[in-house]
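Residues per chain, in single letters:
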Amino acid sequence: MFYNTGIQTYIWVLDKNKEPHRRGYIQLIDATEVYEPMRKSMGKKRRELSQKNIEFVAKLYEAFEENDHSKIVTADELGFVDIPMFRPSRLRVKVNADTVAAALNHVSAATRSQWEPILFDADSLSYNDLTPYLKREARAAGLKLQAGLLKNLLVELSVEDPDAEIALDAKGKVMLDKDSKVVERIPLTEDIEEHIQREVLPYAPDMVWNLKDAKTGYEIPMTRLFYKPELTETVEELDAQAAELLAAIESQFKEIRHED
């Protein structure tokens, strides 16, 4: 039907006046193998629909039944919710000459000589104790601790450590490891909490998510819906093939060694 293209063609039929038994349902028809080869190709087009093929597809539509060529689904069965998930950040304080220099490389850190001893003394602190410590010491030393400088100090004096405790921000909220982002796709036909309990938490018990960030979408996965599993060989057949190969290899070795 379509010339000069090698891609598959999908035809979407919308009907606002469906028959009662079709309402609320979507019929998908896979007619990829319903064609006749052309006697003479036209560019990339090598297949055509004969009258017999057209009648076959029309009968599939009229029957409105499930079979190898026809699937009946609801909109919810084609829908999903994508939920972004993250691992919480686990940070520990790392203080050395390099991290202190990087931490004080900020326009608000004018009094470096006063800041340096404060930062070096923070080496034994946990990350969650670092912010109150810096605020307390800055106040005691009469130093200004602007928001930009505090952020830079926290970034440069911390490193990821899977054995550290979960890091909290200034408001006490769990900090997220942005690099750990994964998107969990959950069918609309499933309960979200049940799915997460079954498919996510057993493998990543510390994952964090917010349902406010979830996005709903729809797809028509023709390949998955019409997938036909290929028959695999039995263990006995595989054993026989392996024995045949081993015998052939042994025969070749004998020829190399000139054995009878």
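Along each chain, numbering runs from 1 in the same order as the chain's sequence is written. Selection of residues for local features in this predicted model requires a pLDDT of at least 70, selection of side-chain atom pairs for listing and counting requires 80 or more, and totals for whole chains, interfaces and linings are taken over all residues. Where side-chain values are given, they derive from all heavy atoms of the structure, hydrogens and water being excluded.

> Provide a residue-level description of the packing of helix 5 (residues 127-141) against helix 6 (residues 147-156), including the pertinent values.
Put simply, helix 5 and helix 6 touch, their axes get as near as 11 Å, and they point 145° apart. For the element pair helix 5 and helix 6, the recorded crossing hand is right-handed. Here Y127, L130, T131, L134 and K135 of helix 5 lie close against helix 6, whose contacting residues are L150, L153 and L154. For the contact of helix 5 with helix 6, the class distribution of residues is six nonpolar, one polar and one charged. Interaxial angle, 0 to 180 degrees, is taken between N-to-C directions of lines fitted to C-alpha atoms, where a helix line uses only the stretch in contact. A run of H or I in DSSP becomes a helix once it reaches four residues, and a run of E becomes a strand once it reaches two; helices and strands are each numbered from the N terminus. If you view the pair so one helix is near and one far, a crossing is left-handed when the near helix is turned anticlockwise from the far one by less than a right angle, and right-handed when it is turned clockwise. The contact rule is simple, with two residues in contact once any of their heavy atoms fall within 4.5 Å. For this classification, Asp, Glu, Lys and Arg are treated as charged, while Ala, Val, Leu, Ile, Met, Phe, Trp, Tyr, Cys and Pro are nonpolar and the rest, including Gly, are polar.

> Summarise a negative patch on the surface; cite the residues concerned and give the values.
Together, E233, E236, E237 and D239 give the surface a local cluster of negative charge. Mapped onto the elements, E237 comes out in helix 9 (residues 235-256). Like charges are joined within 9 Å and nonpolar side chains (Val, Leu, Ile, Met, Phe, Trp, Tyr) within 5 Å, but only among residues with over 30% relative accessible area and no salt bridge; these make up the patches. Note on areas: Shrake-Rupley, 1.4 Å probe, and residue coverage restricted to the protein chains presented here. Whenever Lys or Arg places a side-chain nitrogen within 4 Å of a carboxyl oxygen from Asp or Glu, that contact is recorded as a salt bridge. In summary, the charge assignment counts Lys and Arg as positive and Asp and Glu as negative, without counting His or the chain termini. The location of each charge is read from NZ of Lys, CZ of Arg, CG of Asp or CD of Glu.

> Break down the pairing of strand 3 (residues 45-48) for me, citing the residues and quoting the values.
Pairing between two strands is assigned when DSSP locates at least 2 bridges connecting them. Here strand 2 (residues 36-42) pairs with strand 3 via three bridges, running antiparallel. Following the sheet pairing, P37 is matched in strand 3 by R47.

> Hey, could you go over the nonpolar core for me, with residue numbers and the actual values?
Counting 23 residues, the largest nonpolar core has L104, W115, L119, L130, L134, L153 and L157 as its most contacted members. Every element with two or more residues in this core is listed here: strand 6 (91-93), helix 3 (97-103), helix 4 (112-120), helix 5 and helix 6. The element contributing the most residues to this core is helix 5, with five residues. Ignoring anything within four residues of it in the chain, the contact list for L134 reads W115, I118, L119, L145, L150, L153 and L154. Residues enter a nonpolar core if they are buried and are Ala, Val, Leu, Ile, Met, Phe, Trp, Tyr or Cys, with the set joined through side-chain atoms within 4.5 Å. Three labels apply to residues, based on accessible area from a 1.4 Å probe with only protein chains included: buried if under 20% of the type maximum, exposed if over 50%, partly exposed otherwise in between. By size, the runner-up hydrophobic cluster in this structure holds nine residues, among which are V81, M85, I196 and V200.

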